[in-house]
Amino acid sequence: MDPISGLTLKTMKTGYYVDYDLKTWQVLSTNRYDWGEGDLTHEWQLESHDDTLFLELEPDDEDYWSISRKRPFQSLDARVRKVITESDDAPDTITFEGKKFFLDETGGALFYKDDAPGREVFKWDYVDDSGKFYLTIEQWGETDYEISIGQKAEEYQFSSILPNA
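Before going into details, it helps to say that this report is about the structure given with it. (Residues numbered from 1 in each chain as written. Predicted model: local features only at pLDDT ≥ 70, side-chain atom pairs only at ≥ 80, totals over all residues. Heavy atoms only, no water.)

Another aspect to go through is the pairing of strand 10 (residues 144-153). Alignment of strand 5 (residues 63-71) against strand 10, held across seven bridges, turns out to be antiparallel. Looking at strand 10, one finds that Ile 67 is bridged to Gln 151. One ladder, built from eight bridges, connects strand 9 (residues 133-140) with strand 10; its direction is antiparallel. Opposite Thr 136, over in strand 10, you have Ser 148 as the bridge partner. Following strand 9, the chain reverses through three residues before pairing antiparallel with strand 10; Gly 141 in that reversal takes a positive phi of roughly 75°. (Pairing = 2+ DSSP bridges. Helix = DSSP H or I, 4+ residues; strand = E, 2+ residues; numbered from the N terminus.)

By size, the foremost hydrophobic cluster in this structure holds 17 residues, and its most contacted members are Leu 9, Met 12, Val 18, Trp 44, Leu 46, Leu 55 and Phe 158. Elements with a minimum of two residues in this core: strand 1 (17-20), strand 2 (23-34), strand 3 (40-47), strand 4 (52-59), strand 5 and strand 11 (158-162). Ranked by residue count, the leading element in this core is strand 4, at three residues. Those residues in contact with Trp 44, other than ones at most four positions away along the chain, are Leu 9, Lys 10, Met 12, Val 27, Ser 29, Thr 30, Leu 53, Phe 54, Leu 55, Leu 57 and Trp 65. Among the nonpolar cores identified, the runner-up in size contains 15 residues, and Phe 73, Ala 90, Tyr 145 and Ile 147 belong to it. (Core = buried A, V, L, I, M, F, W, Y, C linked by side-chain atoms within 4.5 Å. Buried < 20%, exposed > 50% of the residue type's maximum accessible area, 1.4 Å probe, protein only. Contact = heavy atoms within 4.5 Å.)

With that settled, consider the pattern of salt bridges. A side chain with one charge may pair with a side chain of the opposite charge, provided their charged atoms come close. Under the criterion given, the structure shown has nine salt bridges. Here Lys 123 and Glu 56 are joined by a salt bridge, their closest N and O atoms 3.9 Å apart. Remark: Glu 56 occurs in strand 4 and Lys 123 occurs in strand 8 (residues 119-128); sequence separation between them is 67 residues. Judged by relative accessible area, Lys 123 falls into the buried class, the value being 5%. For Glu 56, a relative accessible area of 18% gives the class buried. Where salt bridges share partners, they join Glu 56, Lys 70, Lys 123, Glu 138 and Glu 146 into one cluster. (Salt bridge = Lys/Arg side-chain N within 4 Å of Asp/Glu carboxyl O.)

Attention shifts here to the pairing of strand 1. Residues of strand 1 alternate between two faces, with Val 18 and Tyr 20 buried on one and Tyr 17 and Asp 19 left unburied on the opposite face. Strand direction decides the pairing type here: strand 1 and strand 2, joined by four bridges, are antiparallel. Following the sheet pairing, Val 18 is matched in strand 2 by Trp 25. Counted along the chain from strand 1 to the antiparallel partner strand 2, the turn is two residues long, and its residue Asp 21 has a positive phi close to 55°. For strand 1 and strand 11, the ladder comprises three bridges, and the chain directions are antiparallel. Looking at strand 11, one finds that Asp 19 is bridged to Ser 159.

Next up on the list: the packing of aromatic side chains. Applying the stated criterion across every chain yields a total of eight aromatic pairs. Look at Tyr 33 and Trp 35: their rings are 5.9 Å apart centre to centre, the planes differ by 15°, and that puts the pair in the stacked class. Assessed through its relative accessible area of 1%, Tyr 33 is described here as buried. For Trp 35, a relative accessible area of 25% gives the class partly exposed. On the basis of an interplanar angle of 65° and a centroid distance of 5.0 Å, the ring pair of Phe 122 and Trp 124 is categorised as edge-to-face. A relative accessible area of 31% places Phe 122 in the partly exposed class. Look at Trp 124 and you get buried, because its relative accessible area is 1%. (Phe/Tyr/Trp six-rings, centres within 6.5 Å; stacked < 30°, edge-to-face > 60°.)

Right, here's the structure in full:
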């Protein structure tokens, strides 16, 4: 039996390799967000020689794929950071790098990195007018915040999935 037949993005594991955007990426971790009642979002942390990105799958009636990159929380406007840190809530709109984002959904989940125990996280998800670009703010504990900027992705953009032999 061919060990590489039938490999898909959904079945990638830590250590696998995949080609995307003219680079080869290695899967550093396979993560999931458990929103409760069987609602899961899957995430793969990918690393190339000079970049790190996160591939996310949100299954619904159809699969929704996106890619994102982490950015420093300090890169958000100081007024926005102040609202978030002082009120534990985020504004309905955020302008970031000249693009306006609108609050789309919020929620808390348990985050599982590989097989480690779950950590609580709260997320604010924003989308731009086109529906193609995303901004996410994550709160880990009382004062630890992260943001990521992303965009829609399609499964066909990824190829040559290989296990780490």
